[in-house]
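# Fold and geometry: a report
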Amino acid sequence: MTNYEDLFKKVIAHCKEYGFVFQSSEIYDGLSASYDYGPNGIELKNNIKDYWWKSMVNINENIVGLDAAIFMHPNTWKASGHVDAFNDPLIDNKDSKKRYRADTLLENYISKIEAKIEKDCLKAAKRFGQAFDRKKFVSTNKRVLARQAEINNLNEKIHTHISSGNLSAIKSLIEDLDIKCPVSGTSNWTDVRQFNLMFKTQIGAAKSADLYLRPETAQGIFVNFLNVQKTSRMKIPFGVAQVGKAFRNEIIARQFIFRMREFEQMEMQFFVRPGEEIKWYEYWKNTRMKWHKSLKMGNENYRFHDHENLAHYANAASDIEFKFPFGFKELEGIHSRTAFDLKSHQKYSGKKLMYFDQEINKSYTPYVVETSIGLDRMFLAVLTNSLCEEEVGNGEMRTVLKIPPLLSPLKAAILPLTKKDGMPEKARKIMQDLQIDFNCQYEEKDSIGKRYRRQDAIGTPFCVTIDHQSLEDNTVTIRDRDTMIQKRVSATSLRSIISEKVNFAKYLY
Ligand code: GAP
């Protein structure tokens with residue numbers, strides 16, 4: 001088993017053991033790519049949501065919130081292009097009967113060439129030592145240049161074939177590159193065919209048009225553009241933010257909660273003057289990257305991936321990628337969507353979706369810059385980055401979730417040293433005092449050491465112990481999750497000590 005598979009298995013097992021994530025309908029042997037969040041999971045998820053909402057809505061005067069319905073008029077999805085174009089190209093291997101996304105097979109092929117370039121660089125770095133200049137090496141080394149040319153050539157072909165819907169050319173490309181099924185090892189492929197990712201359903205008992213479960217939350221914002229703008233008296237530039245479920249019938253939903261069929265998105269559509277969209281696109285790219293880095297999960301774990309192949313509605317797009325155990329993968333998308341959506345809804349609905357800009361005395365259809373992050377994917381990023389095992393002396397190990405304290409499910413555990421001599425009563429009083437501001441847990445079972453381990457495993461930043469001395473002088477010991485250092489402090493100072501670590505302002509500013 002590779003290191004990453006090992007770590008990933010541990011994360012999944014940990015999520016189950018400590019009530020973060022369960023397989024959906026587990027007692028019926030589960031439903032693939034659907035998951036339920038347990039008591040600790042929902043706290044972590046809510047904290048991520050809360051941090052996002054505060055950063056996007058509460059501290060920006062020109063961004064407001066919305067909670068649109070999941071069901072929308074069927075024409076919404078015609079206007080947005082999802083009925084015609086929200087497809088994945090599918091291919092099956094006839095021997096293994098395994099199904100793949102054809103574009104993913106090609107992307108994996110490209111990743112292998114990229115890995116070879118990395119290897120070339122590593123070798124050269126070893127050879128040249130301190131004098132190694134990576135930029136110069138990749139722009140001059142013949143072998144690397146040839147590999148890069150192959151990648152560029154393939155990317156161009158993939159883009160051309162996918163955007164023109166030339167499915168037989170995609171199949172030929174897979175065959176020409178001799179891409180084999182990882183399971184059967186053969187190239188016995190079916191033809192490539194398109195598969196629409198939207199889930200269809202019907203409303204009421206009467207025969208009616210097909211409804212779709214929304215595949216993105218964004219369209220709820222577009223169709224409400226004027227409702228929000230008028231009722232909130234917003235002036236351009238302004239944004240509308242939303243958190244909600246989205247549904248996609250993913251062909252291959254693997255890697256735990258990374259790719260699910262039912263998931264949650266946190267999206268913000270920022271409406272701007274035509275011609276100013278690239279300025280705002282750059283602004284939101286940087287602002288969102290800053291938000292990620294504010295959580296201090298390692299700056300080296302993030303990178304931008306600017307899109308070369310743009311969606312039909314976009315004039316610029318970039319992903320913020322995070323280093324998951326299985327490599328750098330998309331965590332958030334920032335897209336300059338032009339006026340495509342508003343114009344299209346205007347056409348399909350027959351209603352004007354224009355804005356009168358008093359400053360320039362002109363009416364126009366605003367352009368849109370969107371930020372779109374998967375809440376579940378962010379949850380996975382936090383968990384995979386936080387889970388570690390470390391030695392704590394005497395050969396003993398502990399499992400600890402070093403979650404950014406702001407996001408931890410619990411902020412403090414309140415632990416009476418024993419169940420007698422008035423310690424539980426004193427601990428309960430401290431708990432009552434703190435729990436209004438912080439999510440706390442009272443625990444009196446097992447030894448203090450065992451209780452510490454349990455709290456480490458769910459990422460609680462502080463353990464507060466109430467002992468004999470606490471009854472006499474109102475002091476307690478407070479233990480830091482990461483350093484394991486214990487300090488005796490006055491019980492009256494607990495609020496400010498905890499607040500110092502979990503304060504929203506400390507992170508963002
Ligand atoms: N409105 C734009 C939009 O939906 P997207 O790149 O398709 O763009 C945005 O999705 C984000 O939603 C992704 O960056 C990812 O974090 C999350 N996401 C997309 N599909 C997902 C899935 N099947 N499971 C979990 N998260 C997903």
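Our subject is the structure listed above.
To keep things clear, this report deals only with the structure shown in the data block. These figures come from a predicted structure and were not determined experimentally. (Residues numbered from 1 in each chain as written. Predicted model: local features only at pLDDT ≥ 70, side-chain atom pairs only at ≥ 80, totals over all residues. Heavy atoms only, no water.)

## Details of the overall build of the chain
- A count of helices and strands for the chain gives 18 helices and 23 strands.
- Across its three principal axes, the chain shows a C-alpha extent of roughly 80 × 65 × 55 Å.
- Residue pairs at least 24 apart in sequence account for 66% of intrachain contacts in the chain once pairs closer than 6 positions are excluded.
- Positive and negative side-chain charges in the chain, numbering 76 and 65 respectively, have mean positions lying 2 Å apart. (Helix = DSSP H or I, 4+ residues; strand = E, 2+ residues; numbered from the N terminus. Contact = heavy atoms within 4.5 Å. Lys, Arg positive; Asp, Glu negative; His and termini not counted. Charge placed at Lys NZ, Arg CZ, Asp CG, Glu CD.)

## Regarding unusual backbone geometry
- Cis geometry is found at the peptide bond from I236 to P237, where omega equals 5°.
- Counting through the fold element by element, P237 comes out in the loop between helix 10 (225-231) and strand 9 (238-247).
- The backbone of D29 shows a phi angle near 75°, a positive value even though the residue is not glycine.
- Within the secondary structure, D29 sits in the loop between strand 1 (21-23) and strand 2 (35-37).
- D29 sits in the exposed class, given a relative accessible area of 75%.
- For N394, which is not glycine, the phi dihedral falls at a positive 55°.
- Among the secondary structure elements, N394 is positioned in the loop between strand 17 (387-391) and strand 18 (397-401).
- Owing to a relative accessible area of 83%, N394 belongs among the exposed residues under this scheme. (Buried < 20%, exposed > 50% of the residue type's maximum accessible area, 1.4 Å probe, protein only.)

## Topic: the pairing of strand 22 (residues 475-480)
- Judged by how many residues are buried, strand 22 sits mostly within the fold: six of six residues are covered.
- With burial as the criterion, each face of strand 22 is covered, one bearing T475, T477 and R479 and the other bearing V476, I478 and D480.
- Where strand 21 (residues 462-466) lies against strand 22, four bridges are found, and the strand directions are antiparallel. Of the residues in strand 22, the one forming a bridge with V464 is I478.
- As judged from the five bridges shared by strand 22 and strand 23 (residues 486-490), these two strands associate in the antiparallel manner. Note on strand 23: the bridge partner recorded for T475 is S490.
- Here strand 22 folds back onto strand 23 in antiparallel fashion, the turn holding five residues, of which M484 has a positive phi close to 65°. (Pairing = 2+ DSSP bridges.)

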